[in-house]
Each structure stands twice: as structure tokens, then as C-alpha cells.
Amino acid sequence: MSADLCCQARLQHVELVQVLGQEGVRVRHFDELLAAALGFADARDWLLERRVGECVDHAGRVTEISAWLSEQPADVLTVYLINGMQVSDLPSDLGQVIKGAGGEVDWVFCPLYDLGNLRRHLRVLGGNVVIAQPLPAARRAEAITVSAVLNFAPLFDDAKFDFWPTSDGADCDFPAIDGRDLAILGCGDIFIGAITRATSVTALSALTAALFQQNAVGHAFWVDLTGPDGRCLDDCLVALAPDCVIVDGAALEQAEVFRVCPAPRCEVLRITACDRAFLRELCASFSGGLKVIDVSQYPGAVGRALAGLSPIVLAPGHILAFAEHEPAFEVLEQYGVTIACALNGSALAHDGKGPRGLVTALLAGPAPV
């Protein structure tokens, strides 16, 4: 990203935070939460052991480097942990970093390039904190750092989170799951999970069972999106209100869909393929009816804007969007959806999408998640 684009992104981010505050949203900045957590020695030890160990395999070097880093001010350490730290940033006596069988590496910490897409890495569903688990061969830096914030930041001292699948993002024993493949619809009683390249059936099975056991949801569906286009659920379905969703009907109608129910005593799940297409199955689960905005039914600029909308839902039917998707606004208003603000998001957008992925709700009101 060029310097000019970085400057634009910072300014647009400031405006986004201001608007969220004006709409009554209490915004927590991830870097500030991390710095607060790093004020505790236990947090530093826990996090440094795991993050340094990702790039440095030599146990002695991990200990030496971690000890030096632990003496750094919390704000300095926060910058290193998020933006990355190269070997050249270490004191000269620690500069020889050993990896595996002796090969040198360039990074002590790899930059958290994807942390801006926070929704992918952290979701709160029915009282469960879902810390996304990467594919087995992938880096775990984001999962480790998110875990540290939730475990040690003072803001969460009194939180009664149930961590799923684990409170330790460095634990590699859990199946892959991506926060963008999970949705709660209706008044919080319908769970939809997508089977994708990033979210396994094993992970969805365990999470769905946990939600049923806690009586957090009453209905559950799984959608198979493992096609060649690599879509996630957020690309195909976004709840705008308890009774209104925006969908890519063409993609969802082609997907295989399963209804998931708890078996007696919730020991196992009963999984059955749906006879009807997904949208009909979903509408049948809403006793009061469901309004569906299908982007595949709108050609040209309107369809493209609806497909990229990906808004932040501030309250049922009340959203924050990017001005780049203005061609969709008239359609939304026809369905009773109001736009709180349309921000310039040209430098913040991921793949032309709206602001949804930039935030994740820790404590949600009646708006869908």
C-alpha cells in the first residue's frame, strides 16, 4: 500500500470511528486493548513465548529474545506485535536468529497483515467467543494475539466468555474455522454455518452442538460453499434486520444445504439434506415472514453495489455503508432499510466490500450478527 493510500485509510478509519460513536456504538481499538494487556507480566510471557516461537524454533533463542522484548514499553511492544519486527531490530547480540536446522529468518514477528479483517478472526455468538482457527499449515499469529487480548486485557476481567474452540490461539489441535462463515439470524434463534475452504465440517459440528446444548439457538443450517470461487458466507448472506436479509440467490441456490437438529440428550447432531432450495428452507423457518433482497435479481451497477454492500448493522434495518455502494441505497430503502451514513471507504475496502469486516461485535444489541 502506497504512503498516500495509507494516509487516506487512516483518515477514513478516523471518520468511521467517529460515526460509530455518534450512532451510540462504544468502539474499542484492538491496539489499545493489546497495549493494556501487555501491562501485565503474565500476558507478556504468554504472548511472547507463542509469537516468537512461530518464527524462531531454537528454544534458547526464544527465551533470550522474549526476555529482551519483555523489557520494552507496552506501546513499543504493541507496535512490534502488530506491524511486525525484523531481525535487524534486535540488539546485535541477539541478531543471529535460528530457525529449524539452522536457517536464518528475517522476522521475529511477522506483520499481522490480515488483522484489519477482524470479523474473520473473532466472533461472539450466543455468549461463545469464537477465535478463528487457521488451516493446519497456516500462521497462527492473529489467533495468538486475539487470544492474548481476550485473556488478559482488563476490559474483559469480568466477562463470562465461553471460549470456542479454545482460549489459546497457538493450540493446533482444533479444526479450521473462519468467522466470516458464521451467522445468527432472526431474533438470535437461527444459526447458519458455511462449509468452505476455511471452515471444516468438524468445526461446524462442534460449534453447532455447543450452541444447541446452551439453548442459544433453536434452528441450524449448514451451507456447502466449497465451490471453485472460494466464497465465504458473508459474501452470500448478510442479515440487515431480524426479518430482512441480503443474499446472492444464484450462489445459494446452487449450494447443497443441510438442516441440523439436536438429537435426544444432545449427544449427537441429526444432519439431513434439505429437499428444497436453501432460501425456501430459510423462509419456512420464519413464522412472521422473511424479506429477501437477492442481488442476482438486479443487473448492472445496482447489482454490483448490492453484492459489495457488506454494511455494519447498527440496529435492525439501520446500517452504515460506504458511499461507493450508493446505487444500492434506493433498493434498500424500498425494503425499509435506512442508511445512517455513507462514508468514503475507497482506501479501507477489502476487495471492494463495505465496512462489515473491519469490526466485530463484542456485545450486540438487537441487531443481527
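The structure we're discussing is the one just above.
Quick caveat, the model's predicted, so the values are computed rather than measured.

(A) Looking closely at the overall build of the protein chain. When helices and strands are tallied, the protein chain shows 13 helices and 18 strands. Taken against the 2.2 N^0.38 rule, which gives 21 Å for 369 residues, the C-alpha radius of gyration of the protein chain at 22 Å falls within 12% of a compact globule. By its C-alpha atoms, the protein chain is 65 × 50 × 40 Å across when sized along the principal axes. A sequence separation of at least 24 residues applies to 66% of the contacts in the protein chain between residues at least 6 apart.

(B) Seen up close, the nonpolar core. Leu47, Val52, Leu69, Val108 and Phe109 are the most contacted members of the largest nonpolar core, which has 43 residues in total. Where this core is concerned, the elements lending two or more residues are helix H2 (30-37), helix H3 (41-55), helix H4 (59-70), helix H5 (74-83), strand S4 (107-109), strand S5 (122-125), strand S6 (128-131) and helix H7 (141-152). The greatest single-element share of this core, amounting to eight residues, is contributed by H7. The contacts of leucine 69, once residues within four sequence positions are left out, are Arg44, Leu48, Val52, Leu77, Tyr80, Met85, Val108 and Phe109. Judged by nonpolar contacts, the second largest core, of 24 residues, contains Leu252, Val257, Phe278 and Phe286.

(C) A look at the sheet that holds strand S16 (residues 312-315). Read across the open sheet, the three strands follow the order S16-S17-S18; overall the sheet is mixed. The sheet is open, and its two borders are formed by S16 and strand S18 (338-343), each paired with just one other strand. When strand polarity is set aside, the average angle formed by the axes of neighbouring strands in this sheet is 25 degrees. Sheet topology note: the strand S17 (residues 318-322)/S18 ladder contains five bridges and is parallel. Note on S18: the bridge partner recorded for alanine 321 is alanine 342. Against the sheet, helix H1 (residues 3-22) contacts S16, S17 and S18, and its axis sits at roughly 155 degrees relative to S18.

(D) Highlighting helix H8 (residues 201-213). Along its 13 residues, H8 runs 18 Å from first to last C-alpha, staying within 8% of the 18 Å computed at 1.5 Å per residue. Within the span of H8, buried status applies to Ala203, Leu204, Leu207, Thr208, Ala209, Ala210, Leu211 and Phe212. Asparagine 215, located one to two residues past H8, shows a positive phi value of around 55 degrees.

(E) Here's a closer look at H2. All of the buried residues along H2 are Phe30, Leu33, Leu34 and Ala37. Along H2, the residues classed as buried sweep out an arc of 100 degrees about the axis, all on the same side. Residues of H2 that are buried in the fold lie against H3, H5, helix H6 (118-121) and H7.

(F) Structural context of the packing of aromatic side chains. Enumeration over the complete set of coordinates arrives at four aromatic pairs. Between phenylalanine 156 and phenylalanine 161, the aromatic rings sit 5.7 Å apart at their centres with planes inclined by 50 degrees, giving tilted as the arrangement. Considering the side-chain rings of phenylalanine 161 and phenylalanine 163, the 6.4 Å spacing of their centres and the 75 degrees angle between planes classify their relative orientation as edge-to-face. With a relative accessible area of 21%, phenylalanine 161 lands in the partly exposed category. Taken together, the ring pairs in this structure connect Phe156, Phe161 and Phe163 into an aromatic cluster.

(G) Layout of the side chain of glutamine 72. By secondary structure assignment, the location of glutamine 72 is in the loop between H4 and H5. In this structure glutamine 72 comes out as buried when scored by relative accessible area, which is 17%. Here tryptophan 68 takes part through its backbone oxygen, which lies 3.1 Å from a polar atom of the side chain of glutamine 72.

(H) Representation of unusual backbone geometry in the model. Of the consecutive residues tryptophan 164 and proline 165, the connecting peptide bond is found in the cis state with omega at -5 degrees. Following the sequence through the fold, proline 165 ends up in the loop between strand S7 (162-164) and strand S8 (182-185). With a phi angle near 55 degrees, asparagine 215 is a residue other than glycine that sits in the positive phi range. Its place among the elements puts asparagine 215 in the loop between H8 and strand S10 (219-224).

Cut-off values and rules
Residues numbered from 1 in each chain as written. Predicted model: local features only at pLDDT ≥ 70, side-chain atom pairs only at ≥ 80, totals over all residues. Heavy atoms only, no water. Helix = DSSP H or I, 4+ residues; strand = E, 2+ residues; numbered from the N terminus. Rg over C-alpha atoms; globule rule 2.2 N^0.38 Å. Contact = heavy atoms within 4.5 Å. Core = buried A, V, L, I, M, F, W, Y, C linked by side-chain atoms within 4.5 Å. Buried < 20%, exposed > 50% of the residue type's maximum accessible area, 1.4 Å probe, protein only. Pairing = 2+ DSSP bridges. Axes fitted to C-alpha atoms, helices over the stretch in contact; angles between N-to-C directions. Expected span 1.5 Å × (residues − 1). Arc of directions from axis to C-beta. Phe/Tyr/Trp six-rings, centres within 6.5 Å; stacked < 30°, edge-to-face > 60°. Polar contact = N/O pair within 3.5 Å; in protein donor to acceptor, adjacent residues only side chain to side chain.

Keep in mind these values describe shape, not function.
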